[in-house]
Amino acid sequence: MRKVILASGNKGKLIELQEILSDLPFELIPQPKTGEYEVEETGTTFIENAIIKARHAAQLSGMPAIADDSGLVINILNGEPGIKTARYAGKNCTPQDNMDLILQRLEPFDDKKQRKATFVCALVYMRSASDPLPVIAVGQWHGAITCKKHGDAGFGYDPVFWDFKHKMTAAQMPNKLKTQLSHRGKACRKLEKKLKNICIS
């Protein structure tokens, strides 16, 4: 089975992607935890940054690569944190730091309609570092930011991301439901469908 490198060291992302893409004829492996695999994300959109990461990982590994760039877009904050989602509170911030800053910024707004937010995931598959036509899939999950954290599951901003239909945060959801609803789950299923229609060997 051919190996495809995931341009991320995030275990949560790896497990989620491995599960959804399990029907495809390749093994998704994480990139090595070495400094050379770190690349500056100089794009201005999620898609641009995903391409940068996938190209870099493919170049170093000599393998096809999948990269994910995802983030949180909050309407009333003019799209913030956007592409800076993972480092919103600073370079060496923790997920808790990021959530605290978001909750602080949204304190003046107590109506969930004012606190609407969208999780976005851009997934890119590159056959090689020189691939001129990467496969791109984008998924979105619409919800709102709660006033405080709820739930212990998931990662990132999950404890403060509210799903209107199911009336719970992403961190309160069973994993199967979250995968069905999430931006990454939607992007993965789109990518899976596209990859099944092309030659990935």
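The residue numbering used here restarts from 1 in each chain and proceeds along that chain's sequence as written. pLDDT decides what is reported in this predicted model: residues at 70 or higher carry local features, side-chain atom pairs at 80 or more are listed and counted, and totals for whole chains, interfaces and linings draw on all residues regardless. The basis for every side-chain value is the complete set of non-hydrogen atoms in the structure, without hydrogens or water.

Quick notes on the pattern of salt bridges
Here is step 1: Each salt bridge in this description consists of a side-chain nitrogen of Lys or Arg and a carboxyl oxygen of Asp or Glu lying within 4 Å of one another. Tallied over the entire structure, the rule returns eight salt bridges.
Here is step 2: Close ionic contact of Arg-127 with Asp-131 constitutes a salt bridge, the shortest N to O distance being 2.7 Å.
Here is step 3: Remark: exposure states derive from per-residue accessible area (1.4 Å probe, protein chains only) relative to the maximum for the residue type, with buried under 20%, exposed over 50%, and partly exposed in between. The partly exposed category is assigned to Arg-127, whose relative accessible area is 32%.
Here is step 4: Of the residues examined, Asp-131 reaches a relative accessible area of 5% and is grouped as buried.
Here is step 5: Salt-bridge contacts for Lys-196 lead to Glu-192; the nearest nitrogen and oxygen are separated by 3.7 Å. Highlighted residues: Lys-196 and Glu-192, both in helix 5 (residues 183-196), separated by four residues, approximately one helical turn.
Here is step 6: Here Lys-196 falls in the exposed class, since its relative accessible area comes to 51%. By definition, any uninterrupted DSSP run of H or I lasting at least four residues is a helix, any uninterrupted run of E lasting at least two residues is a strand, and each is numbered from the N terminus.

Details of the packing of aromatic side chains
Here is step 1: Only rings of Phe, Tyr and Trp enter the pairing, Trp through its six-membered ring, and a pair is recorded when the two centres are within 6.5 Å. The plane angle decides the type: under 30 degrees is stacked, over 60 is edge-to-face, the rest tilted. Scanning all chains against the criterion turns up four aromatic pairs.
Here is step 2: The interplanar angle of 20° and the centroid separation of 6.5 Å between the aromatic rings of Phe-26 and Tyr-125 together place this pair among those described as stacked. With a gap of 99 residues between them, Phe-26 in strand 2 (residues 26-30) and Tyr-125 in strand 4 (residues 116-126) connect regions that are remote in the sequence. Residues Phe-26 and Tyr-125 agree in their burial class; the two are buried.

With respect to the pairing of strand 4
Here is step 1: Taken across its 11 residues, strand 4 has 10 buried, putting it largely inside the fold.
Here is step 2: Whether two strands pair comes down to DSSP finding at least two bridges between them. Looking at chain direction, strand 3 (residues 65-74) and strand 4 are connected through 10 bridges and run antiparallel. Within strand 4, the residue paired with Val-73 across the bridge is Thr-118.
Here is step 3: Two elements, strand 4 and strand 5 (residues 135-145), share 10 bridges in a ladder whose sense is antiparallel. Looking at strand 5, one finds that Val-124 is bridged to Ile-136.

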